[in-house]
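In case you want the letters, here they are:
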Amino acid sequence: MPVSARLLAVAVTTATCLGATVVPAAAASPTDAVVSRGVTIPEFYNPPAALPSADGALVRSEPLPLALSLPGVNGPLPGTATRLMYKSTDSRGQAMAVTGAYIEPSADWKGTGDRPLVAVAPGTMGQGDQCAASLGLEHPLTANGQTVSIGYEDLAIYRLLAEGVAVVVTDYAGLGTTDRLHTYVNRVDEAHAVLDAVRAARSLPGTSLTRASKVALFGYSQGGGATAAAAELQPSYAPDITLAGTSAGAPPADLAEVTKAVDGSELAGALGWSVNGFLQSDPALKPIAEAHLNAAGKAALADLSTMCVGDALFAYGGKHSTGWTTDGRSISDIIQSEPALTAFLDQQRIGRIEPASPVRVSTGTSDNLVPHAQARQLAVDWCAKGADVTYKPIALPNLGSALINHFTPLLTDQGDAIAWLTDRLDGKAATSNCGDLSGLS
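Residues numbered from 1 in each chain as written. Predicted model: local features only at pLDDT ≥ 70, side-chain atom pairs only at ≥ 80, totals over all residues. Heavy atoms only, no water.

J.: How should I be thinking about the packing of helix α3 (residues 154-162) against helix α14 (residues 402-425) in this particular structure?
T.: The description of two helices packed together rests on the angle between their axes and the distance between the axes. The interhelical angle for the contact between α3 and α14, taken along N-to-C directions, is 30°, at an axis separation of 11 Å. Taken together, the axis directions place α3 and α14 in an arrangement best described as roughly parallel. As α3 runs across α14, the sense of the crossing is right-handed. For the pair α3 and α14, the contacting residues are Leu155, Ala156, Arg159 and Leu160 in the first and Leu411, Gln414, Gly415 and Ile418 in the second. (Axes fitted to C-alpha atoms, helices over the stretch in contact; angles between N-to-C directions. Helix = DSSP H or I, 4+ residues; strand = E, 2+ residues; numbered from the N terminus. Parallel < 35°, antiparallel > 145°, perpendicular 65-115°, else oblique. Left-handed = near helix turned anticlockwise from the far one by under 90°. Contact = heavy atoms within 4.5 Å.)

Right, dumping it as structure tokens:
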């Protein structure tokens, strides 16, 4: 069995043992229902025609049943969840609806001050609406013969809840919400979605959050890029939010480098999600894509637009983009030859704005999927601007699989990353190691 298939099999087995729900293929549904690979997306995820004017304003909310929940003296463990839809603004300045979830923990906050809030930015889930992280809280495993989605971010969310920290998780632009395609790794869309999730959680009635509740951000991989971008844009986009700290694990800070690394890997499907997201973000790029993509490439992008990570591993693992182009060049080579594409990716670069609050950048030294060097460079760039940076290289051997090299640091470092965040939320000062960065891997 290929490495990617083995990894997926382990994840599916784990989720099943934890009590995940296997979702059957959708039955007959109303004419206005959206069905993605056999999964009927709840009507909640259909945005209304008009949105509030304020970023972070709640559009609607409803109780969200957590699949992994136990009865407790003070209510269900680890907490009580609420599904959210809130207003945000995309990279083109247009209003958009974003969904997510808020979880009120049953555990008491043991640190100083009022109960804090952490916004969790999910790692790569896919591009189909059924892959949304908020749905993953309700269905940790979705498997119906047409799609496989695993809510692997539930682990980090539950660990934070166990610390007595309230959690809000965003689904990002177009993931869950049925009116647009997910703009995968668009730094502005993701940053805005994360920051507006904080605003939405603060405005939700009946929570234990107060105006004095400290706020922090947590993310790995796509989520690491989202939290890194949010830390940069917070002073200008959300000056009403003061961040106690940001954990950015394995951030894709330089998409030009990440694009090269992903091509031909087990997660080659992410390349298609990226291109789809770029075209959604900037329709002016569509003629360039039309000129360079062959029939197989166009079919792959359409196919991937409704896939989750599990689907992409099986269908596109190990594929090279040279099979998707009219002249047999890779997508990276085409990007380098097209100034408009080069400029677009350059606009996505993270590391050019100094965060106003402490940041922790962690990256596996053997990560060759979201390459270690470009993640480390983010820390270097921020340090050069005078930011308060804690850089953590996670020294692990090359395990022979790019996907496992990327996934393993998520598990090995997660406890330390959460401990660093809870220290910030407890009022403890961060200790920057920028002065030692030149000697670190």
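J.: Would you explain the side chain of glutamate 190 in this entry?
T.: Structurally, the position occupied by glutamate 190 is in helix α4 (residues 187-203). Buried charged residue glutamate 190 carries no salt bridge. Nearest counter-charge: arginine 187, at 9.4 Å. Looking at glutamate 190, its side chain comes within polar contact range of the main-chain nitrogen of valine 185, at 3.0 Å. (Buried < 20%, exposed > 50% of the residue type's maximum accessible area, 1.4 Å probe, protein only. Lys, Arg positive; Asp, Glu negative; His and termini not counted. Salt bridge = Lys/Arg side-chain N within 4 Å of Asp/Glu carboxyl O. Polar contact = N/O pair within 3.5 Å; in protein donor to acceptor, adjacent residues only side chain to side chain.)

J.: Teacher, can you tell me more about empty space enclosed by the protein here?
T.: Taken as a whole, this structure holds six cavities of 30 Å³ or more when the rule is applied. Lining the largest cavity are 14 residues; nearest its centre among them are Val275, Ala289, Ile331, Ile334 and Leu341. Only α7 (269-281), α8 (286-292), α11 (331-337) and α12 (339-347) provide two or more residues apiece to the lining of the largest cavity. Counted by class, the lining of the largest cavity contains 12 nonpolar, two polar and no charged residues. A volume near 60 Å³ is recorded for the second largest cavity. (1 Å grid on protein atoms, 1.4 Å probe; cavity = no way out; pocket = protein on both sides within 12 Å on 5 of 7 lines; lining within 4 Å. Points joined across faces, edges and corners; volume = space filled by probe spheres on them. Nonpolar A, V, L, I, M, F, W, Y, C, P; charged D, E, K, R; others polar.)

J.: Is there a simple way to explain the nonpolar core in this structure?
T.: The nonpolar side chains of a soluble globular protein tend to be buried with one another. Counting residues in each nonpolar core, the largest one holds 48 residues, and the members touching the most others are Tyr102, Leu117, Val168, Val194 and Trp382. In terms of residue count, the dominant contributor to this core is α4 (nine residues). Apart from residues no more than four positions distant in its own chain, valine 168 is found in contact with Leu84, Ala101, Tyr102, Leu117, Val118, Ala119, Val120, Ala197, Val198 and Ala201. (Core = buried A, V, L, I, M, F, W, Y, C linked by side-chain atoms within 4.5 Å.)

Everything listed is a geometric property; what it means functionally is a separate question.
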